[in-house]
Amino acid sequence: MRISLRRFIYLLLLAVLAFTLTSACSRNINYSITSPKQLREDCQVVQHAMGKTCIPRHPQQVVTLWMATFRSTLALGTKPIATAWYAGDSFPEHLQDKADGVENIGFQPNLERILLLKPDLILSTTRFKNIYKQLSDIAPTVVLDNPSPPPPWQKHLEDVAKVLDKELESKQLIKDYWQRIEQLKQALGDRRLQMQVSVATVDRTYGIYTYGIKHPTGALLNDVGLQRPPAQSGVFFTKDRISQENLSDIDGDVLFLSYREEEAGKKAIERLQKDPLWQKLNVVQRNRVYLVDSAHWYAFDILAMNAVIDDLFKYLVN
């Protein structure tokens, strides 16, 4: 049977439209042509920093583009298939048993690698809003707010939980956090009210920096009721580039010291320890300097906060 050219074009357009309707819920949908019934059955609409996206109700192939998002997703019981992390670096030690099989797609996400992974959901942040369109062409993409400095870890956990429909789990994780804080308070007793706890990190770019109450670690120490040295007791996120002449800013009864960038950080620590002014610090003379991992002391998520609490138990209680 012969079909006119006009009718052939009409049928072709119908086929294209049908395909668009079928695939709409696997991408950023066109709400004007997607029925409410389809939205209820196939996916849920999520409002985020770049608009609205229809995402699977139970995503199985999740890719995260910020380590805090990765760890929050893990804590909520969903294991991503890949996450952005420093290319060539292994995942932090406290995540080793949880991150088996998770692919590292590099600190600047590799779009080709993400495409090959065939995710059904990408959890991005406003840091990567310039590639939102490309990410959305690969899979439904939700862009979570990531200002500078970052939001409190509880806020980010709740944002991730809302996307994954895991709000009860996030409430339980926060409740468990406060229970651990209370346990640590009891274990420390009144010592926590007199003990000055200093926290500092050595970094090739920013030199030596300390943590204020706006940083998640500083907020945690405040939750416990631990005292901070005068130079670290203000309302700030971090103070960087502390000069050698001001090393007394990191003095205290206890110093938790870490470094970033493996080889460069180690060398910077070695240089610091040879400095005569370092040797004069009370905390050094009392041998109360503890080298800890910046992968969780500088981080912004519940798994990191629990790892910090573990360190506080290890060095201040046990």
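Residues numbered from 1 in each chain as written. Predicted model: local features only at pLDDT ≥ 70, side-chain atom pairs only at ≥ 80, totals over all residues. Heavy atoms only, no water.

Chemist: How do you make sense of the nonpolar core when you look at a structure like this?
Modeler: Most often, soluble globular proteins keep nonpolar side chains buried together rather than apart. Counting 48 residues, the largest nonpolar core has Leu-220, Phe-256 and Leu-312 as its most contacted members. Looking at this core element by element, the count peaks at 8 residues for helix H14 (residues 302-317). In contact with Phe-256, not counting residues within four places along its chain, are Val-197, Ser-198, Val-199, Ala-200, Tyr-290, Val-292, Trp-297, Leu-312, Tyr-315 and Leu-316. (Core = buried A, V, L, I, M, F, W, Y, C linked by side-chain atoms within 4.5 Å. Buried < 20%, exposed > 50% of the residue type's maximum accessible area, 1.4 Å probe, protein only. Helix = DSSP H or I, 4+ residues; strand = E, 2+ residues; numbered from the N terminus. Contact = heavy atoms within 4.5 Å.)

Chemist: How should a negative patch on the surface be read in this particular structure?
Modeler: Residues Glu-158, Asp-165, Glu-167 and Glu-169 make up a contiguous surface patch of negative charge. For Asp-165, the location among the structural elements is in the loop between helix H6 (153-164) and helix H7 (167-188). The class for Asp-165 is exposed, based on a relative accessible area of 52%. (Patch = residues over 30% accessible without salt bridge, like charges linked within 9 Å, V, L, I, M, F, W, Y side chains within 5 Å. Areas by Shrake-Rupley, 256 points an atom, 1.4 Å probe, with all protein chains shown as cover. Salt bridge = Lys/Arg side-chain N within 4 Å of Asp/Glu carboxyl O. Lys, Arg positive; Asp, Glu negative; His and termini not counted. Charge placed at Lys NZ, Arg CZ, Asp CG, Glu CD.)

Chemist: Hey, could you run me through the confidence of the model for the protein chain in this one?
Modeler: Reading fine detail from the predicted coordinates is not recommended where pLDDT is low. Of the residues in the protein chain, 87% have a pLDDT of 70 or more, and the chain-wide mean is 88. Counting contacts from residues 16-40, a segment whose pLDDT is below 50, to residues more than four positions away or on other chains yields 38 contacts. (pLDDT = per-residue confidence, 0-100.)

Chemist: When you look at the packing of H7 against helix H9 (residues 216-224) in this model, what are you seeing that I'm missing?
Modeler: In the contact formed by H7 and H9, the axes pass within 9 Å of each other and the chain directions differ by 55°. Overall, the two elements H7 and H9 adopt an arrangement that is oblique. Contacts from Tyr-177, Trp-178, Ile-181, Leu-184, Lys-185 and Leu-188 of H7 reach H9 at Leu-220, Asp-223 and Val-224. Split into classes, the residues belonging to the contact of H7 with H9 amount to 7 nonpolar, no polar and 2 charged. (Axes fitted to C-alpha atoms, helices over the stretch in contact; angles between N-to-C directions. Parallel < 35°, antiparallel > 145°, perpendicular 65-115°, else oblique. Nonpolar A, V, L, I, M, F, W, Y, C, P; charged D, E, K, R; others polar.)

Chemist: Looking at this model, I keep getting lost on the packing of aromatic side chains. Mind explaining?
Modeler: Any pair of aromatic rings gets described here by the distance separating the centres and the angle formed by the planes. Per the stated rule, a full pass over the model turns up 15 aromatic pairs. When the ring of Tyr-209 is compared with that of Tyr-211, the centres are 5.9 Å apart and the planes differ by 40°; the resulting orientation is tilted. For Tyr-211, a relative accessible area of 0% gives the class buried. In textbook terms, an aromatic cluster arises when at least three aromatic residues are bridged by ring pairs, as seen for Trp-66, Tyr-209, Tyr-211, Phe-237, Tyr-298 and Phe-300. Across from the ring centre of Phe-236, 4.6 Å away, lies the NZ or CZ of Lys-239, which sits over that ring. (Phe/Tyr/Trp six-rings, centres within 6.5 Å; stacked < 30°, edge-to-face > 60°. Lys NZ or Arg CZ within 6 Å of the ring centre and 35° of its normal.)

Chemist: Is there a simple way to explain the packing of H9 against H14 in this structure?
Modeler: Packed helix pairs are characterised by how far apart their axes lie and by the angle those axes make with each other. The contact between H9 and H14 brings their axes to 11 Å, and the two run at 50°. Taken together, the axis directions place H9 and H14 in an arrangement best described as oblique. Once H9 is placed against H14, the crossing between them reads as right-handed. For the pair H9 and H14, contact is made by Pro-216, Thr-217, Leu-220 and Leu-221 and by Met-305, Val-308, Ile-309 and Leu-312, respectively. Across the contact of H9 with H14, the residue classes tally to 7 nonpolar, 1 polar and no charged. (Left-handed = near helix turned anticlockwise from the far one by under 90°.)

Chemist: Mind showing me how you'd approach the sheet that holds strand E8 (residues 197-203) here?
Modeler: The strands making up a sheet are joined through hydrogen bonds of the backbone, oriented either antiparallel or parallel. A sheet is described by the order of its strands in space; here 5 strands give the open sequence E10-E9-E8-E11-E12, paired in mixed fashion. At either end of the open sheet lies a strand with only one pairing partner, and these are strand E10 (238-239) and strand E12 (289-291). By the bridge criterion, 6 bridges tie E8 to strand E11 (residues 254-259) in an arrangement that is parallel. Looking across to E11, one finds that Ala-200 is bridged to Leu-257. The sheet strands contacting helix H10 (residues 262-274) are E8, strand E9 (207-211), E11 and E12, and the helix crosses E11 at an angle near 140°. On top of the sheet, H14 reaches E11 and E12; it is set at about 135° to E11, its chief contact. (Pairing = 2+ DSSP bridges.)

Chemist: When you look at helix H3 (residues 67-75) in this model, what are you seeing that I'm missing?
Modeler: Along an α-helix, a turn takes 3.6 residues, which lines up residues three or four apart on a common side. With 8 of 9 residues buried, H3 lies mostly within the body of the structure. Those residues of H3 not exposed but buried are Met-67, Ala-68, Thr-69, Phe-70, Arg-71, Ser-72, Thr-73 and Leu-74. One or two steps after H3, the chain reaches Gly-77, where phi turns positive at roughly 95°.

Chemist: Sorry, what's going on with the pattern of salt bridges here?
Modeler: Once the charged atoms of two side chains with opposite charge are near each other, the side chains can pair. For the coordinates displayed, the defined rule picks out 9 salt bridges. For Glu-103, the salt bridge is made with Arg-113, and the minimal N-O distance between the two is 2.9 Å. Of this pair, Glu-103 sits in strand E5 (residues 103-104) while Arg-113 sits in helix H4 (residues 111-117), and the two are 10 residues apart along the sequence. A relative accessible area of 31% places Arg-113 in the partly exposed class. Close ionic contact of Glu-182 with Lys-185 constitutes a salt bridge, the shortest N to O distance being 3.5 Å.

Chemist: How should I be thinking about the layout of surface pockets in this particular structure?
Modeler: Gaps between atoms show up when a probe of the same size as a water molecule is rolled over them. Computed from the structure, the largest pocket encloses a volume of approximately 1400 Å³. For the largest pocket, the lining is made up of 42 residues, of which Trp-85, Tyr-86, Arg-260, Ser-294 and Tyr-298 are closest to its centre. Considering every element that reaches the lining of the largest pocket, the biggest residue donor is H3, with 3 residues. Grouping the amino acids of the lining of the largest pocket by side-chain chemistry returns 24 nonpolar, 7 polar and 11 charged. Among the elements of the structure, strand E1 (43-48), strand E7 (141-144) and H6 are those that each provide at least two residues to the lining of the second largest pocket. Top element by residues in the lining of the second largest pocket is E1. It accounts for 5 residues. (1 Å grid on protein atoms, 1.4 Å probe; cavity = no way out; pocket = protein on both sides within 12 Å on 5 of 7 lines; lining within 4 Å. Points joined across faces, edges and corners; volume = space filled by probe spheres on them.)

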